[in-house]
Amino acid sequence: MVDATPTPFEEAQQTGERVELVDLREESAQFFVNPDGSKTAEIAAAPERVRQQDGSWADVDLTLVTRSDGSVGPKVSAGDVSFSAGGTAPVVRVGAENVALSVSMPVTLPTPVLDGPVATYSEVYPGVDLRMTAVGSSFRQELVVKDREASQNPALRSIAMSTQATGGSMDVVDDALVVRDDSDKVVLRGAPAAMWDSSGGATTSDDAEVTPSTESLGVEPVEVSASGSGGAATLTLTPSADFLEDTSTEYPVVIDPSVDRLAYTWAMVNKTFPDQEYYKWSDQDQGVGYNSYEGTHGKRLYWSFSIPSALKSNDVVMKNAYLSAWSTFSATCAPGAVRLYRTGSFDWTTTWNSRPAVVGDELDRFTGKAGYGCQDSGAGLRAEMRLGAGLRGAIDGGHDRLNLGMISTDETSNDGWFRFAGPENDTTWKRPKLAVDYNTKPTTPGWDDNFTIAGSTCQNAAQWGKYVNPDGHFAATAMASDPDAADQVRAEVQWWDAYPLEKVQDGFDPGSSTFMTNKQVANKSIPQTLSDGTHFARWRIVDQSGAASGWSPDCPFYVDQTPPSTPTITIVGHDSGDLVPIGSTQRFRISSSSDAAEIRYQWRVNGDATTTEGTPSDGTPTELTHEVKGSRVELRAFARDRAGNQSSTSGWVSVHGALNGMTALYGMTAGTNNVVPDGIEGDPILWQGNQVQDQFNFPLTLASSGATANVVRPARGLPTTSTTSVLAADGTSDKSAVADASPVLAHAAQEPQTTKDGNVVEGYPSRVPGFTASAWVKVSNADADTTRTVLAQLSEPGTPSSSSKMSFDIGYDRGRFVGRVFDPNGKDFAVSDEAPTSPARTSGWWHVALSYRAAVPASGTTPGEPARMELITLRESSTSLTPSDQVITPALSAPATIRPTRGPLVVSHASSVRGRWVGPIDDVRAWQGMATPSQVFSAAKASN
């Protein structure tokens, strides 16, 4: 099922609003995809959300609640903080990474009063409250001395607090508590303890009404000392007695020994108190510039933002980056501005005298005024200052943080005084943030990114590539991938000529205005306009915002649109049309042009369906070897080159298969002088094994004119019809045929043979003496009570007067076919098939064959074999022939040898009219040697 849930990009396009990429969310950073496909990162200076144990996120909520274990803590905090519910338990526990710190007061604590993030423990000393405040990732601890009388308590001159660090150690550095983990890394650090009074004032300028704002005028360091070692220590605070007793000190006075995590950093420095640290000031807002109406101040603000890893890659394209801060107040509406700089690092030790150095030029400035009456901006004003190359410079410099400083253009008058909301302002949207509009470039395709040409993986440039014919079937592919999972992409491909090196064509997949889902394979057809020769393809991926990857490596390939030449076929050892023995092995040599990578050929036997095969070639002749299994074997071929171009197909070449030892083949078509020529073209080659023995030709002479007639019948073994000339024997007239000389050599002795010219030549011995004779016949007199002769071999020349004058005959007797051979004494050995009851023998054409092989005597360790004789009959089917249609009737016994053959082969010839054949006879064949049933079947199925 297809997931119908829109991607963040699709949702942004549909709604016109940006959509958060939740998978990238961090404590102080959020990421969004915009309707145009770009992305925006918003980075806060302090944590704003916390990942819960179930993986979900919750916004920071510092409202204190009583927990199930009895302690007090914020609902959702970026730090592991809990406060005491009263009694002698530690007033605070705070964790950072693998270290936990607890702090205990030297008093029994009352039950706290909870108000938002503040837990107030009233009257821990007379007139003194302890105020514990949950901040972004830790806590702030303040002793509030409410009046001068309370300050006289001796307990305030030295306050000893017990501390315990688990998983780390503690120390006091520059009057500040430092907690390190076991690797000596500082994970918790307090600002130097300080105390201040409540003095402050307000003035009114000529340009605008001024809202009073508390600015700490009297700030005094608090001496801090520690005793103990390792994880346990007593931390002693020694507030200044002079400060407490000074008549100018205004109460209440706050004594602050706060501790915080170091993951988030901001600071203020004040020229009026050049050695005082204001690390992670906790006011709702803080000032920049000069202020003379609340005492005299000259302030600068510093922000430090953690750079998310998603922005650090060189593949990130930053389109716009700026600091967004909320200006809560300006002292006047007169001209003045705040400049923004990139600065060096700063920490809890930073003061006016140790303020961070400016790095580079001014990035931007803010000129708006947020004072009352200043263009109706008394409620505040958004300040957006561009970072320019500041963020990229920090990343390129290998920094994990971007440190920024805000400095007024006028640090000598109230016209340069601005206030800005801090990272822990109660109103979330007023807090300072970095806003970065960016995009990540798609991934550059490489060798392993489905980078192919015509289905072959692209290799490095040193290895030449694929041969192709750009006919629309070949394509280049590459994975279209972008690290931003929400992005949609398209793939740009370039086609280059290698010689000379120039770009030929560009293309996109999908087209120029559409995109596909990330991580799909792009596919582009190779242009048909490319000329033959060497080319390169290369890809790059473009996302919907226009950001592009680098170009892939070049993938080389050859274009070849020229087909190879038509193959030439040579029949090794013969010419086309020659006779070769069935069962023998015939070689064919096929060759084509030098760039042919493959030759395909078709092999056909007796017109049967083709078998297509292939063999590799590098332009060298390819030799094929096939067994000759039919009376006609044909071969044709075509070539394909490495680019897939195909040659034209050659014409058929063929050899004619002859059964081993074939001596005659008669189509029963009379020529001049009523002679039926031997159907074998030219002088036939007489075979014994695979050796040529001699050459003979044995035409038939018809006994009377007109013995042949044209009849329409199904072609032998095939479902079509054709007109064929046959011997039309009628059983009454002498319509027979007699060979000029014997084509059958069934004897073992060296018998002389007579050629058609009357010359006597020496015969030759048979390795396995024997013969096969066959014919197609149609029975027209099934009720005859005598044997009707189809074929006979005379042992002596002349008209036979008895069976003793025959070597063999094939005939028909009372519904069955019969074959006989005669031993040297004239005794006959017969074999016959069974007379079928249905269908009648007169229902169609039959193929009948008689095969005989003389006994083979034993020789040495080779055993002998008895003589063998078979009658093989086959009824012609109306549709097709199969070997299973044959009936093979072997003789129960056979003579070891038969009568020597000196007379001719006769067709439809007997000593009396009663013995003559009635019906057509066709396709008479005779072989030297005993044919196998499969060879007989092939002969039956073959056509002249």
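The structure presented is a predicted model; accordingly, all values stated were derived computationally and were not measured.

### Some words on the environment of His574
Tracing the sequence through the fold places His574 in the loop between β46 (568-571) and β47 (579-581). When its relative accessible area of 24% is taken as the criterion, His574 is described as partly exposed. Residues His574 and Phe588 lie 14 residues apart in sequence; the distance between their C-alpha atoms is 9.7 Å.

### Section: the packing of aromatic side chains
This structure, assessed with the given rule, holds 15 aromatic pairs. With a centroid separation of 6.4 Å and an interplanar angle of 20 degrees, the aromatic rings of Phe418 and Phe420 are classed as stacked. Each member of the pair, Phe418 together with Phe420, is buried. With a centroid separation of 4.5 Å and 25 degrees between ring planes, the pair formed by Tyr467 and Tyr558 is classed as stacked. Of the two residues, Tyr467 is situated in strand β38 (residues 466-468) and Tyr558 in strand β45 (residues 555-559); the sequence distance between them amounts to 91 residues. Here a set of aromatic residues connected by ring pairs shows up, and it is made of Tyr812, Phe817, Trp846 and Trp917. The positively charged end of Arg18 is found above the aromatic ring belonging to Phe32, 3.7 Å away from the centroid. Here the guanidinium or amino end of Arg355 rests over the ring plane of Trp352, the centre of that ring lying 4.4 Å away.

### With respect to the state of the cysteines
On inspection of all chains with the given rule, the structure shows two disulfides. At a sulfur-sulfur separation of 1.5 Å, the disulfide partner of Cys333 is Cys374. Between Cys333 and Cys374, the S-S dihedral sits near -95 degrees, and the bridge is therefore left-handed. Taken as a pair, Cys333 in the loop between β29 (316-330) and β30 (338-343) and Cys374 in the loop between β31 (358-366) and β32 (381-386) lie far apart in primary sequence, 41 residues in all. Owing to a relative accessible area of 28%, Cys333 belongs among the partly exposed residues under this scheme. Between Cys458 and Cys555 runs a disulfide, and the two sulfur atoms are separated by 1.8 Å. On the sign convention where negative is left-handed, the bridge of Cys458 and Cys555, at about -90 degrees about the S-S bond, is left-handed. Here Cys458, found in the loop between β37 (456-457) and β38, pairs with Cys555, found in strand β45; they are 97 residues apart in sequence, far enough to count as distant. Cysteine pairing in the protein chain follows 1-2, 3-4, where each cysteine in a disulfide is numbered by its order in the sequence.

### Some details on unusual backbone geometry
Here the bond from Tyr251 into Pro252 is cis, since omega is 10 degrees, no more than 30 degrees from zero. By the element assignment, Pro252 lies in the loop between α2 (241-245) and β23 (253-256). In this chain, Asp509 is followed by Pro510 through a cis amide linkage whose omega measures -5 degrees. Structurally, Pro510 can be placed in the loop between β41 (502-509) and β42 (516-517). Although it is not a glycine, Asp184 adopts a positive phi angle of roughly 70 degrees. Relative to the helices and strands, Asp184 resides in the loop between β17 (176-181) and β18 (186-190). Residue Asp184 is classed as exposed on the basis of its relative accessible area of 53%. The backbone of Asn673 sits at a positive phi, close to 60 degrees, despite the residue not being glycine. Along the polypeptide, Asn673 turns up in the loop between β54 (662-666) and β55 (675-676).

### Some details on the pattern of salt bridges
Pairing between side chains becomes possible if they bear opposite charge and their charged atoms approach one another. The tally for this structure, following the rule as stated, stands at 22 salt bridges. Between Glu245 and Arg157 there is a salt bridge, with the nearest N and O atoms lying 3.2 Å from each other. Taken together, the positions of Glu245 in helix α2 and Arg157 in the loop between β14 (139-145) and β15 (159-166) put the pair 88 residues apart, joining distant regions of the chain. For Glu245, a relative accessible area of 43% gives the class partly exposed. Its relative accessible area of 22% is what places Arg157 among the partly exposed residues. With a closest N to O distance of 3.0 Å, Asp506 and Lys503 form a salt bridge. Among the residues examined, Asp506 registers a relative accessible area of 38% and is labelled partly exposed. Since its relative accessible area comes to 41%, Lys503 is described here as partly exposed. In the salt-bridge network here, residues are joined through shared partners; they are Glu48, Arg49, Arg431 and Lys433.

### Brief notes about the confidence of the model for the protein chain
Considering every residue of the protein chain, the mean pLDDT works out to 80; 81% of them sit at 70 or more. Per-element confidence in the protein chain ranges from a low mean pLDDT of 39 for strand β56 (residues 685-688) to a high of 97 for β30. Under a pLDDT of 50 for its full length, residues 715-721 has, in the predicted model, 23 contacts with residues more than four places off or in other chains. Segment residues 745-768: pLDDT under 50, and 53 contacts once partners within four positions in sequence are set aside and those in other chains are kept.

### Examining the side chain of Asp129
Tracing the chain through its elements places Asp129 in strand β13 (residues 128-134). A residue is classified by how much of its surface remains accessible, and Asp129, at 13% relative accessible area, is buried. Within the local environment of Asp129, its side chain forms a polar contact with the backbone nitrogen of Glu123, the two atoms lying 2.9 Å apart.

### Thoughts on the pairing of strand β67 (residues 816-822)
In terms of burial, β67 is a largely internal element, six of the seven residues being buried. Sheet analysis places strand β66 (residues 806-813) next to β67, joined by six bridges and oriented antiparallel. Along β67, the bridge assignment pairs Gly811 with Val818. Counted between consecutive antiparallel strands, the loop separating β66 from β67 contains two residues, among which Arg814 sits at a positive phi close to 55 degrees. Bridge count between β67 and strand β68 (residues 828-832): five bridges; the pairing is antiparallel. Considered in β68, the bridge of Gly819 is made with Val831.

Criteria and cut-off values
- Residues numbered from 1 in each chain as written.
- Predicted model: local features only at pLDDT ≥ 70, side-chain atom pairs only at ≥ 80, totals over all residues.
- Heavy atoms only, no water.
- Helix = DSSP H or I, 4+ residues; strand = E, 2+ residues; numbered from the N terminus.
- Buried < 20%, exposed > 50% of the residue type's maximum accessible area, 1.4 Å probe, protein only.
- Phe/Tyr/Trp six-rings, centres within 6.5 Å; stacked < 30°, edge-to-face > 60°.
- Lys NZ or Arg CZ within 6 Å of the ring centre and 35° of its normal.
- Disulfide = S-S within 2.5 Å.
- Salt bridge = Lys/Arg side-chain N within 4 Å of Asp/Glu carboxyl O.
- pLDDT = per-residue confidence, 0-100.
- Contact = heavy atoms within 4.5 Å.
- Polar contact = N/O pair within 3.5 Å; in protein donor to acceptor, adjacent residues only side chain to side chain.
- Pairing = 2+ DSSP bridges.

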